[in-house]
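Coordinates in review
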Amino acid sequence: APAVSPGGVVAVVQVTSTADKEHNWQQCSALVRRAAARGARAVFLPEGFDFIGDSPQQSLALAEPLHGDIVGRYRQLAKECDVWLSLGGFHERGEDWDSTGRIYNCHLLLDNSGALVAAYRKLHLFDAALPGAPALSESSFTNPGRELLPPVPTPVGKLGLAVCYDLRFPELAQALRGAGAQILTFPSAFTVPTGAAHWEVLLRARAIECQCYVVAAAQCGRHNAGRASFGHSLVANPWGTVVAQCQEGPGLCLAQLDLAYLEQVRQNLPVHGHRRGDIYGTL
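A brief look at the structure comes next. (Residues numbered from 1 in each chain as written. Predicted model: local features only at pLDDT ≥ 70, side-chain atom pairs only at ≥ 80, totals over all residues. Heavy atoms only, no water.)

**A short note on the pairing of strand 15 (residues 242-245)**
Here is the rule we go by: DSSP-based pairing: two strands are paired if at least 2 bridges between them are found. Counting from the N terminus, the helices are DSSP H or I runs at least four residues long and the strands are E runs at least two residues long.
Bridge count for strand 14 (residues 234-236) against strand 15 is three bridges, and the pairing is antiparallel. Across the sheet, residue Leu234 finds its bridge partner in strand 15, namely Gln245. From the end of strand 14 to the start of strand 15, which pair antiparallel, there are five residues, and Gly240 there has a positive phi angle of about 95 degrees.

**Considering the environment of Ala225**
As for its placement among the helices and strands, Ala225 is situated in the loop between strand 12 (220-224) and strand 13 (227-230). Spatially, the C-alpha atom of Ala225 lies 12 Å from that of Ala19, the residues being 206 residues apart in sequence.

**What to know about the pattern of salt bridges**
Basically, it comes down to this: Within this document, salt bridges are pairs made up of a side-chain nitrogen of Lys or Arg and a carboxyl oxygen of Asp or Glu, the two lying within 4 Å of each other. When accessible area is computed with a 1.4 Å probe and restricted to protein chains, residues below 20% of their type maximum are described as buried, those above 50% as exposed, and intermediate ones as partly exposed.
Scanning the model with the defined rule gives ten salt bridges in all. Taking the shortest distance from any N to any O, the salt bridge between Glu47 and Lys122 comes out at 3.2 Å. Of the two residues, Glu47 is situated in strand 2 (residues 42-47) and Lys122 in the loop between strand 5 (116-121) and strand 6 (127-128); the sequence distance between them amounts to 75 residues. Classification of Lys122 by relative accessible area gives buried; the value is 2%. As a salt-bridge pair, Arg121 and Glu92 come within 2.7 Å of each other at their nearest N and O atoms. Residue Arg121 is located in strand 5, and its partner Glu92 is located in strand 3 (residues 84-92); the two are separated by 29 residues in the primary sequence. Of the residues examined, Glu92 reaches a relative accessible area of 4% and is grouped as buried. Look at the salt bridges and you will find they share partners, linking Glu22, Asp69 and Arg73 into a network.

Written as structure tokens, this is what we have:
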């Protein structure tokens, strides 16, 4: 086959994870296969694709290391389907598991040979008690990451890795853009109240201010008695237009990423070169 330039079709997967890891694998792997059959070169899964536990205790008990069964299955799947996989938020028992008893919220990127090319550990942990939603305290059982990863060259463009709550911190997106990102990813499990109020507007804002494609795979529906997610997985282009969006419930949507268009947007409105780092600090 002829070499294909970066750009091309991405698929965004929307699921309802539960504490049943086998059920989640069946659901996600079937959608990855469907996406590959429809021509996707990269497939994006949401935060908690592995599971969403009923409690922090259960999440700790179900978590696995990077060399465990779940990641092994997905590495095989990426290779079989010949796609890159963004695994948007894996409950990782890290090297420090024995000493800390805490996990990392880890966004993994696999290439189409099944190799693990990047592991970004979520920097901003979600601790919030909002009216009408259960209080979530991610920092009570999760260690924060310690670094932002440089954007990774992929067949669809240079990919900047983030997770869910990171979306609320524009500095992180700007730092990725400054480091060369063309695509920003925000795999998520947004609550229903915050999702309804902020999800689309924040994703479109990040796309507009960074002049990047934004790919956001999301959890949807009810995971357990105490927790539900907003859904509305989407892809926004560098002009801020939503170019693909999932329907209600589990499923997927596809979008064509056009890097020539991205360069045109940046040329026409060279906002990044106009930043006054001399006044308010560089990113």
